[in-house]
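Summary of the model geometry
The chain contents come next:
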Amino acid sequence: MVSAETARNAVGIIGNVISFGLFLSPVPTFYRICKKKDVQEFQPYPYVATVLNCLFWIFYGLPIIKPDSILVVTINSVGLVLELIYLSIFCFFDRQNKGRKKVSLGLLGEVIFMAAIVAITLLAFHTHEKRILFVGVFCDIFNILMYASPLTIVKKVVTTKSVEFMPLYLSLANFLNGCVWTAYALIKFDIFILVSNGLGAFFGLLQLVLYAFYYKSTPKHGGKEVNPSEIQLPVSDTASRV
């Protein structure tokens, strides 16, 4: 019989693979930026926010906080590196220099904030239970905000009766990712991974239902290029996937 730990690790590896795919989802955006050598109307905020989310989940998965959570650390470490690469590309091609200062200040603020959380966690809380509770609350707050961010797209879908700006593969990947990490949290109960990813699975399912409902009413543009500012991925499509 397969042990619970083996099953959990297997599910976690699947979750890592799906999450890795989601972390790669902005690649077409940055390919466009590199090709045009201009950031155009794209904004760096989703990627700056994802950096902080990854930092929190990496910290959460360390042995000093949550033992036996290496798979949480691995995928968010990969995500952190990718997000920093995306931001580097953004800053390099920011011709009008509108976003570089925002990125720099945002990352600086995140480092200071994260350092404060680390210091408080290690100095004020001396048991795994208390540290998990303190750090886990912050992880869930940021993860839920990022999972909920597609609601702006949902509103657009309902208003326009079109799924043009809600790619099916991303909605499906969001749903599967939420389900896998929910299962991971249930095998060896982890309330913080469970809460945010349970909601993530629900939001992903909501997008799939809307996609099925409005697919036929979506206008066909015959390959017409969409304004980049309209197809930019929402925060949750680049967010930490744990």
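If you check an unreviewed UniProt entry, the protein chain appears there as Bidirectional sugar transporter SWEET from Salix purpurea. Under the heading Sequence similarities (unreviewed entry), UniProt records this for the protein chain: "Belongs to the SWEET sugar transporter family."

**Brief notes about the UniProt feature "transmembrane region" (unreviewed entry) in the protein chain**
According to UniProt, the feature "transmembrane region" (unreviewed entry) maps to residues 12-33, 45-65, 71-93, 105-126, 132-154, 166-187 and 193-214 in the numbering used here. Taken end to end, residues 166-187 is 91% helix and 0% strand, and its first and last C-alpha atoms sit 32 Å apart.

**Looking at the environment of Gly198**
The residue Gly198 is located in helix H9 (residues 191-214) in this model. Gly198 sits in the partly exposed class, given a relative accessible area of 29%. Spatially, the C-alpha atoms of Gly198 and Trp181 are 8.2 Å apart, while their sequence positions differ by 17 residues.

**Quick notes on the packing of helix H3 (residues 45-61) against helix H5 (residues 100-124)**
Axis separation between H3 and H5 bottoms out at 10 Å; the angle between their running directions is 20 degrees. Here H3 lies roughly parallel to H5, going by the angle between them. The handedness of the crossing between H3 and H5 is right-handed. When H3 is examined against H5, the residues Tyr45, Val48, Ala49, Val51, Leu52, Leu55, Phe56 and Phe59 are found in contact with a partner set consisting of Lys102, Val103, Gly106, Leu107, Glu110, Phe113, Met114, Ile117, Val118 and Thr121. A per-class count over the contact of H3 with H5 returns 14 nonpolar, two polar and two charged.

**Looking at the pattern of salt bridges**
Two side chains with opposite charge may pair up if their charged atoms get near one another. Applying the stated criterion across every chain, the model contains four salt bridges. Arg8 serves as the salt-bridge partner of Glu5, at 3.9 Å between the closest nitrogen and oxygen. Taken together, the residues span about one helical turn, with Glu5 and Arg8 both in helix H1 (residues 4-23) at a distance of three residues. The exposure class assigned to Glu5 is partly exposed, which follows from its relative accessible area of 31%. Lys188 serves as the salt-bridge partner of Glu5, at 3.8 Å between the closest nitrogen and oxygen. Of this pair, Glu5 sits in helix H1 while Lys188 sits in the loop between helix H8 (168-187) and H9; the two residues are 183 residues apart in sequence, bridging distant segments of the chain. Because the salt bridges share partners, they merge into one network encompassing Glu5, Arg8, Asp68 and Lys188.

**What about a nonpolar patch on the surface?**
A cluster of nonpolar side chains, Leu186, Phe189, Ile191, Val195 and Leu199, forms an exposed patch at the surface whose accessible area comes to about 420 Å². Of all the elements, H9 adds the most residues to the nonpolar patch, at three residues. Structurally, Val195 can be placed in helix H9.

**Digging into the packing of aromatic side chains**
Applying the stated rule across the entire model yields 16 aromatic pairs. On the numbers, 5.3 Å between centres and 75 degrees between planes, the contact of Phe134 with Phe138 is edge-to-face. Here Phe134 pairs with Phe138, and both are found in helix H6 (residues 128-148), just four residues apart, close to one helical turn. One aromatic cluster is present, built from ring pairs that chain together Phe56, Phe113, Phe125, Phe134, Phe138 and Phe142.

Conventions adopted
Residues numbered from 1 in each chain as written. Predicted model: local features only at pLDDT ≥ 70, side-chain atom pairs only at ≥ 80, totals over all residues. Heavy atoms only, no water. UniProt positions renumbered as here; feature names shortened; annotations may be inferred. Helix = DSSP H or I, 4+ residues; strand = E, 2+ residues; numbered from the N terminus. Buried < 20%, exposed > 50% of the residue type's maximum accessible area, 1.4 Å probe, protein only. Axes fitted to C-alpha atoms, helices over the stretch in contact; angles between N-to-C directions. Parallel < 35°, antiparallel > 145°, perpendicular 65-115°, else oblique. Left-handed = near helix turned anticlockwise from the far one by under 90°. Contact = heavy atoms within 4.5 Å. Nonpolar A, V, L, I, M, F, W, Y, C, P; charged D, E, K, R; others polar. Salt bridge = Lys/Arg side-chain N within 4 Å of Asp/Glu carboxyl O. Patch = residues over 30% accessible without salt bridge, like charges linked within 9 Å, V, L, I, M, F, W, Y side chains within 5 Å. Areas by Shrake-Rupley, 256 points an atom, 1.4 Å probe, with all protein chains shown as cover. Phe/Tyr/Trp six-rings, centres within 6.5 Å; stacked < 30°, edge-to-face > 60°.

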